[in-house]
Amino acid sequence: MKLTKLSLIAAMLIGSTAFAIENTKVSGNVSVFYGTMDSDVGTYKSVLGGTTPSFFDAEGAYGNAAANLELTTDLTKGVSAGVKGTYVTTLGLENNLVDNTWSNVHTISDAAGASFASELGGKQLDDAFFMGELWVAGTAFDTTVKVGRQSVDTPLAFTETWGIDQNTFEGAVLINQSIPDTTLVATYLGKHNGSSWDPKNTGNPLAPGTLNDINLVAAGLTNGLQGGAAQAGITSQGGKFNTFGTNGVYVAGLVNNTIKPLTVQAWYYSLQQLADAMWFQADLNVGGILAGVQYTEIEVNNSDEDEAFAAMLGYEAKDVATVKVAYSDVDDKGTLGVANVATTTGQSKLYTEMWWAYGNVSSTGAESYSITAEGTVAGVDLLAGYYVADINPSAAVDTEVTEIALVASKSFGPLDTSVAIILDNEEDNVANTDYDTNHLQVYLTYNF
């Protein structure tokens, strides 16, 4: 679910027993995600015959179902393997209850008489199946090596888990813990199936929480599903794996916890001919007081570098609530911003990251802050967040994006449920526009 944000080091802090699987294990889940929205964005008014999407209308709704099946097994002592398959479908609801998909993996094919014919001229939206993970891992002498398709969690290249499907990577990851309280990471990522979807090319201001109706695809006003129907364009069409960057990406990292309340980490990335990047972070947790600082720099060849700084301060009252305030600033002369380089959804690891409207706090020239509170009441996990990004790059643009997110989650045995209300506003002072886009979302996941 989108409520669960990735930890920067959760996937890295694995010891020598991380793959000591008891024989063979089969697990997975089935998910159904539904969202509906209303918006007064001018793009929709002009393209959709002067109308704007409203809650529970098909043109303002998006949905998908997905099934994940994962198998892990021991091959020999210290050596294990795993495979994960993902199936994504609309359940035939497109152009009925919803006009938009959650996932980007769908393709469009010819199908006379299909329910989608009225929108796509005799074509249909196809289901998709792809193998997101297929790996072998071995552990010896405090070192684990994992080779193949796998999830990755590093600050600037990571697997995003907030959609109904996930992007993964092909490569090799080496993790060593020979030094006490220290984890060393060396990684080569040759391919990935992250989407090439670019929300900035769709003409919609709030990415990725924007509406791209299938009608727009049929009218040739977007670049197909790569920038069309998907609300969460994390994974490429068909889940296809493509070269990461120009010739792959090298990553080296260090995570240290020698001073127990303090965790520090440093990362270096070589994106070959494209860019070099660094990420530094320190997080402190003393008696419930939370504090953290982040600094990142992406130096693009023959261009200005992107730099960003972020700070966080919070308090965790055990079994009551956690409150955080955060601030971040991205330099106004950069090129890429500081989001995940493996997708173009704009999700970042900055403390100020919004709950839904990714691509804003990590943008070039964005000055942002956030206030969040999380707690549990009567067995229901609650989150309230207020986020603001003032985006003012060196170009003549001045945009302010505000988001309010209210989320309630509860598990009923193997069934995880969440309901989210997201209120987004964007004001563009240069274009003299003011857009409001609001979402109501339901997440259902059955784990087995």
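The structure reproduced in this document is the subject of the present report.

Points about unusual backbone geometry
A positive phi angle is found at Asp142, which is not glycine, with a value near 65°. Tracing the backbone through its elements, the reader meets Asp142 in the loop between β7 (128-140) and β8 (143-150). A positive phi is found at Asp181, a non-glycine position, where the angle reads about 60°. As for its placement among the helices and strands, Asp181 is situated in the loop between β9 (169-176) and β10 (182-192).

Examining a negative patch on the surface
The grouping of Glu400, Glu427, Asp434 and Asp436 at the surface amounts to a negative patch. Here Glu427 is to be found in strand β21 (residues 415-428).

Let's talk about the environment of Thr246
Structurally, Thr246 is set in the loop between β11 (242-243) and β12 (249-256). Taking the relative accessible area as the measure of exposure, Thr246 reaches 41% and is therefore partly exposed. In the structure, Thr246 is positioned 56 residues away from Gly190 in sequence and 9.3 Å away in space, judged by C-alpha atoms.

Thoughts on the side chain of Asn425
Here Asn425 lies in strand β21. Judged by relative accessible area, which is 15%, Asn425 ranks as buried. There is a polar contact of 2.8 Å between the side chain of Asn425 and the side chain of Asp436. The contact partners of Asn425, leaving out residues within four places of it in the chain, are Glu400, Val401, Thr402, Asp434, Tyr435 and Asp436.

Reading guide: rules and limits
Residues numbered from 1 in each chain as written. Predicted model: local features only at pLDDT ≥ 70, side-chain atom pairs only at ≥ 80, totals over all residues. Heavy atoms only, no water. Helix = DSSP H or I, 4+ residues; strand = E, 2+ residues; numbered from the N terminus. Patch = residues over 30% accessible without salt bridge, like charges linked within 9 Å, V, L, I, M, F, W, Y side chains within 5 Å. Areas by Shrake-Rupley, 256 points an atom, 1.4 Å probe, with all protein chains shown as cover. Salt bridge = Lys/Arg side-chain N within 4 Å of Asp/Glu carboxyl O. Lys, Arg positive; Asp, Glu negative; His and termini not counted. Charge placed at Lys NZ, Arg CZ, Asp CG, Glu CD. Buried < 20%, exposed > 50% of the residue type's maximum accessible area, 1.4 Å probe, protein only. Polar contact = N/O pair within 3.5 Å; in protein donor to acceptor, adjacent residues only side chain to side chain. Contact = heavy atoms within 4.5 Å.

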